[in-house]
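A closer look at the structure
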Amino acid sequence: MSLKSNAQGVLDVQSVEDLMDEQTAGIMLTNPNTLGIFETNIRQIAQVVHAKGGLVYGDGANMNAIMGIVDIKKCGVDVMHLNLHKTFSTPHGGGGPGAGPVCVVSELARFLPVPRVVKEGDRYRLEFNSPESIGRIHGFHGNFSVLVRAYSYIRSMGPGNLKKASQLAVLNANYIKERLKKDLHLPYDLPCMHECVFSDLFQHDDGVKTLDMAKRLIDFGYHPPTIYFPLVVPGAIMIEPTETECKEDIDLFIKVVQQVVVEAKENPELLHQAPVRTKLRRLDETRAARHPCLCG
Ligand SMILES: *Cc1c(COP(=O)(O)O)cnc(C)c1O
């Protein structure tokens, strides 16, 4: 069963209350959510779920906005995985590898898979004896390189810089949101977290769609942002600048998007043809997925 966000782009406590009963194992939610908005009702939602004996699973996909700032446990979250390939320095995309270590509250620790690494004095050892554990899972070591990279990143940044990374990611996304909201339709005009979601509504009359604008960005040397996601926004364009871009680069990106928007009005055909500066033009993505040619 999935729950829709309300007009403010967040989950209602009431809608969770209406569905929650003793038969419900729990709720999974992403915070900040996929609209880039902080779930402000999360503590009350967790109370409703806990009152019926359920658990709260947090999808840690969007930690980039809240790392070092929000105490996930205080929000009432019992279990959360961290997408190390998103926030913790492994590049996302290209199909992996990724890694998602699962964090739990101490009450649930006894159910974690074995072996577990435990510290004794100055040494670490593997603990196999855990009667309530779900047992051994395939691939204990996971994608080891991703784990090591995340660990090195966390240690080299330190708590202060991790927090700063989140603050800059949020600042950058809000800056883009404010600068582009006259050019692109902004379905939820609220302060955002580390990503902002526009749509192609303003371009409808010119017959230009999100896909056309994304393809045109390739002509200017940009890897297009996530498009048509989240699904609750038709024609979505989700922009996540991250913390690493400097203001000059963000300003240049904004200028390019504004130019694409002008082109959409003045020369929609150019956008329908885009990309025009690449060796291969618009690819048949469906055919590529159905009949992949993986060699040569
Ligand atoms: C990225 C993302 C996923 C997919 O996670 P992967 O680890 O890349 O498979 C799922 N949910 C949300 C909200 C995401 O942002």
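Here the residue index of a chain counts from 1 through its sequence in written order. Totals for whole chains, interfaces and linings use all residues, but because this is a predicted model, local features are given only for residues with pLDDT of at least 70 and pairs of side-chain atoms are given and counted only at 80 or more. Calculation of side-chain values draws on the structure's entire complement of heavy atoms; hydrogens and water are dropped beforehand.

**Concerning a nonpolar patch on the surface**
Here the term patch refers to residues with relative accessible area over 30% and no salt bridge, with like charges joined within 9 Å and nonpolar side chains (Val, Leu, Ile, Met, Phe, Trp, Tyr) within 5 Å. Per-residue and other accessible areas were derived by the Shrake-Rupley procedure at a 1.4 Å probe size, with only the shown protein chains allowed to occlude residues. Salt bridges are counted wherever a side-chain nitrogen of Lys or Arg sits within 4 Å of a carboxyl oxygen of Asp or Glu. Judged by side-chain polarity, Val117, Tyr124, Leu126, Phe128 and Phe140 come together as a nonpolar surface patch covering roughly 520 Å² of accessible area. Elements are defined by DSSP. Helices are runs of H or I of four residues or more, strands are runs of E of two residues or more, and each kind is numbered from the N terminus. Summarising the element assignment, Phe128 is placed in the loop between strand S6 (123-127) and helix H3 (144-180).

**A word on the sheet that holds strand S9 (residues 236-239)**
With antiparallel pairing, three strands are arranged side by side in an open sheet as S7-S9-S8. On the outer flanks of this sheet lie strand S7 (196-199) and strand S8 (226-227), each paired with one strand and no other. A strand pair is defined by DSSP finding two or more bridges across the two strands. Sheet topology places S8 next to S9; two bridges connect them, and they run antiparallel. Across the sheet, residue Thr226 finds its bridge partner in S9, namely Met238. Where H3 meets the sheet, its contacts fall on S7 and S9, and the angle it forms with S7 comes to roughly 25 degrees. Residues count as neighbours in contact if any of their non-hydrogen atoms are within 4.5 Å of one another. The convention used is that axes are lines fitted to C-alpha atoms, helices contributing only their stretch in contact, and that angles between N-to-C directions extend from 0 to 180 degrees.

**Things to note about the packing of helix H4 (residues 210-219) against helix H5 (residues 247-266)**
Direction vectors running N to C along H4 and H5 enclose 125 degrees, while the axes themselves pass 10 Å from each other. With respect to their mutual orientation, H4 and H5 come out oblique. As for the relative orientation of H4 and H5, their crossing is right-handed in sense. Residues Met213, Arg216 and Leu217 of H4 pack against Val256, Val257, Val260 and Glu263 of H5. Any angle between 65 and 115 degrees counts as roughly perpendicular, while under 35 counts as roughly parallel, over 145 as roughly antiparallel, and the rest as oblique. The sense of a crossing depends on the near helix, which, turned anticlockwise from the far helix by less than a right angle, makes the crossing left-handed and, turned clockwise, makes it right-handed.

**Overview of the site of the ligand**
Residues are classed as near a molecule or strand on a simple rule: at least one heavy atom within 4 Å of it. Around the ligand, the neighbouring residues are Thr30, Thr34, Asp59, Ala61, Asn62, Asn83, His85, Lys86 and His92. Coverage of the ligand by the protein chains reaches 56% of its 380 Å² of free accessible surface. A class-by-class count of the residues in the shell around the ligand yields one nonpolar, six polar and two charged. In the scheme used here, Gly and all other residues not listed as nonpolar or charged are polar, with Ala, Val, Leu, Ile, Met, Phe, Trp, Tyr, Cys and Pro taken as nonpolar and Asp, Glu, Lys and Arg as charged.

**Here we look at unusual backbone geometry**
In this structure, the amide linkage connecting Asn31 to the following residue, Pro32, adopts the cis form with an omega of -5 degrees. By the element assignment, Pro32 lies in the loop between strand S1 (26-30) and helix H2 (42-51). Cis geometry is adopted by the peptide bond preceding Pro275, which originates at Ala274 and carries an omega value of 0 degrees. With respect to the helices and strands, the residue Pro275 is situated in the loop between helix H6 (268-273) and helix H7 (285-290). Notably, Ser89 is not glycine yet its phi reads approximately 80 degrees, a positive angle. A positive phi angle is found at Thr242, which is not glycine, with a value near 70 degrees.

**Quick word on H2**
All buried positions along H2 are accounted for by Ile42, Ile45, Ala46, Val48 and Val49. One face of H2 carries all of its buried residues, which in axial projection span an arc of 160 degrees. Turned more than 90 degrees off the buried face of H2, the exposed positions are Arg43, Gln47 and Ala51. Contact partners of the buried residues in H2: helix H1 (13-19), S1 and strand S2 (55-60). Among the residues trailing H2, Gly53 stands out with phi positive, at a value near 85 degrees. For every residue, the accessible area (1.4 Å probe, protein chains only) is compared with the maximum for its type, and the residue is labelled buried under 20%, exposed over 50%, or partly exposed between those bounds. When we speak of the arc, we mean the arc of directions from the helix axis to the C-beta atoms.

**Section: the sheet that holds S2**
Spatially, the four strands line up as an open sheet ordered S1-S2-S3-S4, and their pairing is mixed. Strands with a single pairing partner mark the edges of an open sheet, and in this sheet they are S1 and strand S4 (102-104). Here the average twist between neighbouring strands, direction ignored, is 20 degrees. Examined bridge by bridge, strand S3 (residues 79-82) and S4 share three bridges and lie antiparallel to one another. In the sheet register, His81 faces S4, and the bridge partner there is Val102.

**With respect to the nonpolar core**
For this analysis, a nonpolar core means a set of buried residues of the types Ala, Val, Leu, Ile, Met, Phe, Trp, Tyr and Cys, connected via side-chain atoms within 4.5 Å. Of all hydrophobic cores here, the largest spans 31 residues; its most connected members are Ile27, Ile45, Val49, Val77, Leu84 and Phe88. Looking at this core, the elements that each hand over two or more residues are H1, S1, H2, S3 and H3. If one sorts the elements of this core by residue count, H3 sits on top with six residues. Counting contributing residues, this core receives three or more from each of domain 1 (13-157) and domain 2 (162-290). How far each domain reaches was decided by an automatic or database domain assignment.

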